[in-house]
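Here is how the chains run, residue by residue.
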Amino acid sequence: MAEILVTGGAGFIGSHLVDALLAAGHGVCVLDNLSMGKRSNLPLDNPRLRFIEGDVADAAQVEQAMAGCDAVAHLAAVASVQASVDDPAATHQSNFIGTLNVCEAMRRHGVRRVLYASSAAIYGNNGEGLAIDEDTPKAPLTPYAVDKLASEQYLDFYRRQHGLEPAVFRFFNIFGPRQDPSSPYSGVISIFTQRAQQGQPISVFGDGEQTRDFFYVGDLIELLLQGLFGEVVEQPVNVGWNQAVSLKQLLAEIGALCGGLPPVTHLPARAGDIRHSRADNVRLRAHYRLPQQTPLREGLRQLLGL
Ligand code: NAD
Ligand code: UD1
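Since the model is a prediction, treat every value here as computed from it, not as a measurement.

The rules behind these values
Residues numbered from 1 in each chain as written. Chains lettered and ligands numbered in written order. Predicted model: local features only at pLDDT ≥ 70, side-chain atom pairs only at ≥ 80, totals over all residues. Heavy atoms only, no water. Near = heavy atom within 4 Å. Polar contact = N/O pair within 3.5 Å; in protein donor to acceptor, adjacent residues only side chain to side chain. Areas by Shrake-Rupley, 256 points an atom, 1.4 Å probe, with all protein chains shown as cover. Helix = DSSP H or I, 4+ residues; strand = E, 2+ residues; numbered from the N terminus. Axes fitted to C-alpha atoms, helices over the stretch in contact; angles between N-to-C directions. Parallel < 35°, antiparallel > 145°, perpendicular 65-115°, else oblique. Left-handed = near helix turned anticlockwise from the far one by under 90°. Contact = heavy atoms within 4.5 Å. Nonpolar A, V, L, I, M, F, W, Y, C, P; charged D, E, K, R; others polar. Salt bridge = Lys/Arg side-chain N within 4 Å of Asp/Glu carboxyl O. Buried < 20%, exposed > 50% of the residue type's maximum accessible area, 1.4 Å probe, protein only.

### Here we look at the site of ligand 1
The local shell around ligand 1 holds 29 residues, among which Phe 12, Asp 32, Asp 55, Ser 94 and Tyr 144 are the closest. Within the side chain of Asp 55, an N or O atom sits 2.8 Å from a nitrogen atom of ligand 1. For ligand 1, the accessible surface in isolation is 820 Å², of which the surrounding protein chains cover 94%. Within the residue set of the shell around ligand 1, elements represented by two or more residues are α1 (12-23), β5 (113-119), α5 (143-162) and β7 (173-175). Counting residues per element, the shell around ligand 1 draws most heavily on β5, which supplies three residues.

### What to know about the packing of helix α6 (residues 188-198) against helix α10 (residues 296-304)
Put simply, α6 and α10 touch, their axes get as near as 11 Å, and they point 55° apart. With respect to their mutual orientation, α6 and α10 come out oblique. Read as a crossing pair, α6 and α10 show a hand that is right-handed. Of the residues in α10, those in contact with Ile 189, Thr 193 and Gln 197 of α6 are Leu 296, Leu 300, Leu 303 and Leu 304. Here the contact of α6 with α10 is composed, by residue class, of five nonpolar, two polar and no charged.

### What to know about the pattern of salt bridges
Taken as a whole and judged by the stated rule, the model has 19 salt bridges. In this structure, Arg 159 and Glu 234 form a salt bridge, with 3.4 Å as the shortest nitrogen-oxygen distance. Of this pair, Arg 159 sits in helix α5 while Glu 234 is found in the loop between α7 (217-229) and β11 (237-239), placing the two residues 75 residues apart along the sequence. Here Glu 298 and Arg 301 are joined by a salt bridge, their closest N and O atoms 3.9 Å apart. Separated by three residues within a single helix, Glu 298 and Arg 301 lie in helix α10, roughly one turn from each other. Given the relative accessible area of 32%, Glu 298 is considered partly exposed. Under the relative-accessibility criterion, Arg 301 is labelled partly exposed at 33%. Within this structure, Glu 63, Glu 104, Arg 107 and Arg 108 form a network of salt bridges that share partners.

### Overview of unusual backbone geometry
The phi dihedral of Glu 128 is positive, around 50°, even though this residue is not glycine. Position of Glu 128 among the secondary structure elements: in the loop between β5 and α5.

### Thoughts on the site of ligand 2
The local shell around ligand 2 holds 23 residues, among which Ala 79, Ser 119, Tyr 144, Val 188 and Asp 273 are the closest. Within the side chain of Asn 173, one N or O atom sits 2.8 Å away from an oxygen atom of ligand 2. Ser 203 has a polar backbone atom sitting 2.8 Å from a nitrogen atom of ligand 2. For ligand 2, whose free accessible area comes to 740 Å², the fraction covered by protein is 90%. Broken down by secondary-structure element, the contributors of at least two residues to the shell around ligand 2 are α6 and β8 (202-205). Of the residues belonging to the shell around ligand 2, the class tally is 13 nonpolar, seven polar and three charged.

In structure tokens form, the structure reads like this:
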């Protein structure tokens, strides 16, 4: 059994990964500053879980967390694209310096395997509404996307220079239980489902025709385990279903499940917001065993507790 460092492990995706690692018998160290994550997402009474409340931007704390670990899932970041537009300097500390600190600590401790949570945001609008493959020219439109792309490139430098084994996943839009809806920066499905259940008004930024490729978190975790323990895949891999869902379609699905929708208002589109985002997943299918897809409606049902 291995000891895995999960940065950002108290957050949405990270805490599901922690559960899966513990269930498989591994030991886990979580490093999280609780800026978005919560202690209540973690089984703190499990003796194989070590929790460090700390910051990936602090090299000494990363160094301490790395001690005794065999592999790393580096998920800590400010996940909101809009937050990076509003405060690039602060988000850069978490989203880029954090990655560099993880690479350096791995080099010093001789740890090789690192799973990295990159993002479809690095393609900007270059997909032009078509399925985006990994070789599509990169066009990061926001500080968030710039930091994700730079992190990928640093990981590649450490692969070539120091023998790190990065498994880079470019997530499209992940959704499911524990995605925190409490901030305006949160993922759109978490916000829309909570507001629909509470009967509070919903704001759509732009015309609602923008599309995303939504991927259920439970399906993602099966891939992340392969990234941590499977064959090395040197190239970055998109994680999406090659399915475009517009916000209007999403609202219709939520309305059907909730027996109607609260008032929906349209506000101006967000700066740097991507219009259409849909994954070409040929590479994913070539290198990973794909789980059976949890359809959007089923994922929404689970999220809504139906
Ligand atoms: P999340 O906000 O729930 O998780 C991120 C976690 O990192 C939180 O627990 C937060 O407290 C922690 N964190 C943030 N800054 C930190 C810092 N400086 N030091 C230590 N901990 C810090 O978001 P998530 O959706 O679970 O995202 C996980 C990762 O996946 C992020 O890297 C995100 O950019 C990436 N990602 C997410 C999506 C998505 O659709 N959710 C898509 C693409 C990429
Ligand atoms: C999301 C992730 C980001 C990831 C990217 C990959 C979050 C918070 N963001 O960004 O980490 O890298 O996918 O594809 O998990 N919207 C509304 N009303 C709202 C909230 C959002 O209309 O109340 C709109 C946004 O303007 C956007 C769409 O919904 O057009 C999706 O927004 P969001 O869930 O924040 O995701 P992305 O920006 O795609």
